[in-house]
Amino acid sequence: MSYFALIPAAGSGSRIGAASPKQYLPLLGKPMLHHSIGCVARAPIETVFVVLAPGDAAFAQHDWSAFGGKVEPLYCGGGTRRDSVLNGLVAAMDVVDADDWVLVHDAARPCLPHADLERLIDEVSVDEVGGLLALAVAETVKRVALGVDAAVADEVRVECTEDRSRLWLAQTPQMFRAGLLAQALRDARGVVTDEASAVEMLGLHPRIVRGSRRNLKVTFPEDMAIAESMLGQE
Ligand code: CTP
Ligand code: MG
């Protein structure tokens, strides 16, 4: 049984609103994707598959030699994150066996601490289902009226307050056996924004492994400075 990483990197980064796709924006002089690959390109991961948009011209213009041949680009990204991960998984099945572990990691999480990766692998390697890094919600959580988009509405009002004690924020990596994950993503219905939710639709309960706030998902323009400052402290 082996361990592989798969990084979906075929998004456009609409919320960050930059001229180039988010994964290529520079952090400390290197593309964000370089840092995210670096977070997972270590033992015991054998190969890091990077799923790119079919027309991606940027990947080939950067230097990935720091990873010594461990990185394998797959130009089969799809219209949603789920499609990108499933297409990448299908392409990787030439070398990945159904029983092998796959760690799916966002290109947009360049600050994943090594200790978090180790904790995930330690705890999930002995799990029947698989699991993910996640963070207990720290803030009080409000639910607003259905269909209200806080970014564009003039006025947003609270409908109720959620019980945050049972709420966790899903991070990546999310670690599942390749065969189970491919089946889950293929069968998934509706909006699927992470691998665990597809596995949940099979009636399974992925294991939560404690993550950390350092594993920020770079989403909005102000996240770039936070990510850069954390990378600078390493
Ligand atoms: N992703 C992907 N294929 C898609 C959409 C997203 O591979 N069709 C990847 C992104 O490149 C990113 C990860 O999924 O590494 C998490 O997605 P997100 O942070 O939402 O990135 P974007 O979709 O690019 O950003 P936005 O939602 O703001 O447009
Ligand atoms: Mg997105």
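### As for the sheet that holds strand S11 (residues 207–210)
- Pairing in this open sheet of seven strands is mixed, and the strands run S5-S4-S1-S6-S10-S7-S11 from one edge to the other. The open sheet is flanked by strand S5 (71–74) and S11, the only strands paired with a single partner. When strand polarity is set aside, the average angle formed by the axes of neighbouring strands in this sheet is 30°.
- As paired elements, strand S1 (residues 3–9) and strand S4 (residues 45–52) share six bridges and run parallel to each other. Bridge pairing links Pro-8 to Val-51 in S4.
- Contacting strand S6 (101–104) and strand S10 (168–177), helix H4 (residues 178–187) runs over the sheet at an angle of about 120° to S10.

### Considerations on the nonpolar core
- Leu-33, Ile-37, Val-48, Val-50, Phe-59, Leu-103 and Met-175 are the most contacted members of the largest nonpolar core, which totals 29 residues.
- Beyond its immediate chain neighbours, meaning those up to four positions away, Met-175 contacts Tyr-3, Trp-101, Val-102, Leu-103, Leu-120, Ile-121, Val-124, Ser-125, Gly-130 and Gly-131.
- Judged by nonpolar contacts, the second largest core, of 27 residues, contains Val-104, Ala-178, Leu-181 and Ala-196.

### Details of the site of ligand 1
- Taken together, 19 residues are adjacent to ligand 1, and Pro-8, Gly-13, Ser-14, Ser-84 and Lys-217 come closest.
- Between ligand 1 and the protein, one listed contact pairs an oxygen atom with a backbone N or O atom of Ala-10 at 2.9 Å.
- The contact in question runs from an oxygen atom of ligand 1 to an N or O atom on the backbone of Gly-11, over 3.0 Å.
- For ligand 1, the accessible surface in isolation is 560 Å², of which the surrounding protein chains cover 88%.
- Class assignment of the residues belonging to the shell around ligand 1 gives a composition of five nonpolar, nine polar and five charged.

### A word on empty space enclosed by the protein
- Taken as a whole, this structure holds one cavity of 30 Å³ or more when the rule is applied.
- By volume, the largest cavity amounts to about 30 Å³.
- Elements that contribute at least two residues to the lining of the largest cavity include exactly S1 and helix H2 (81–92).
- With three residues, the top contributor of residues to the lining of the largest cavity is S1.
- When its residues are assigned to classes, the lining of the largest cavity shows eight nonpolar, no polar and no charged.

### What to know about the layout of surface pockets
- Roughly 1200 Å³ of volume is contained in the largest pocket.
- Lining the largest pocket are 41 residues, with Arg-15, Asp-106, Arg-109, Lys-217 and Thr-219 sitting closest to its centre.
- Mapped onto the lining of the largest pocket, the elements with two or more residues apiece are S1, H2, strand S7 (131–136) and S10.
- Looking at the lining of the largest pocket, the element that brings in the most residues is S10, giving five residues.
- Of the residues in the lining of the largest pocket, the class split is 15 nonpolar, 15 polar and 11 charged.
- In this structure, the second largest pocket spans a volume of roughly 180 Å³.
- Here the lining of the second largest pocket gets three residues from one element, more than from any other, and that element is helix H1 (residues 32–40).
- For the lining of the second largest pocket, the residue count by class is six nonpolar, three polar and two charged.

What counts as what
Residues numbered from 1 in each chain as written. Chains lettered and ligands numbered in written order. Predicted model: local features only at pLDDT ≥ 70, side-chain atom pairs only at ≥ 80, totals over all residues. Heavy atoms only, no water. Pairing = 2+ DSSP bridges. Helix = DSSP H or I, 4+ residues; strand = E, 2+ residues; numbered from the N terminus. Axes fitted to C-alpha atoms, helices over the stretch in contact; angles between N-to-C directions. Contact = heavy atoms within 4.5 Å. Core = buried A, V, L, I, M, F, W, Y, C linked by side-chain atoms within 4.5 Å. Buried < 20%, exposed > 50% of the residue type's maximum accessible area, 1.4 Å probe, protein only. Near = heavy atom within 4 Å. Polar contact = N/O pair within 3.5 Å; in protein donor to acceptor, adjacent residues only side chain to side chain. Areas by Shrake-Rupley, 256 points an atom, 1.4 Å probe, with all protein chains shown as cover. Nonpolar A, V, L, I, M, F, W, Y, C, P; charged D, E, K, R; others polar. 1 Å grid on protein atoms, 1.4 Å probe; cavity = no way out; pocket = protein on both sides within 12 Å on 5 of 7 lines; lining within 4 Å. Points joined across faces, edges and corners; volume = space filled by probe spheres on them.

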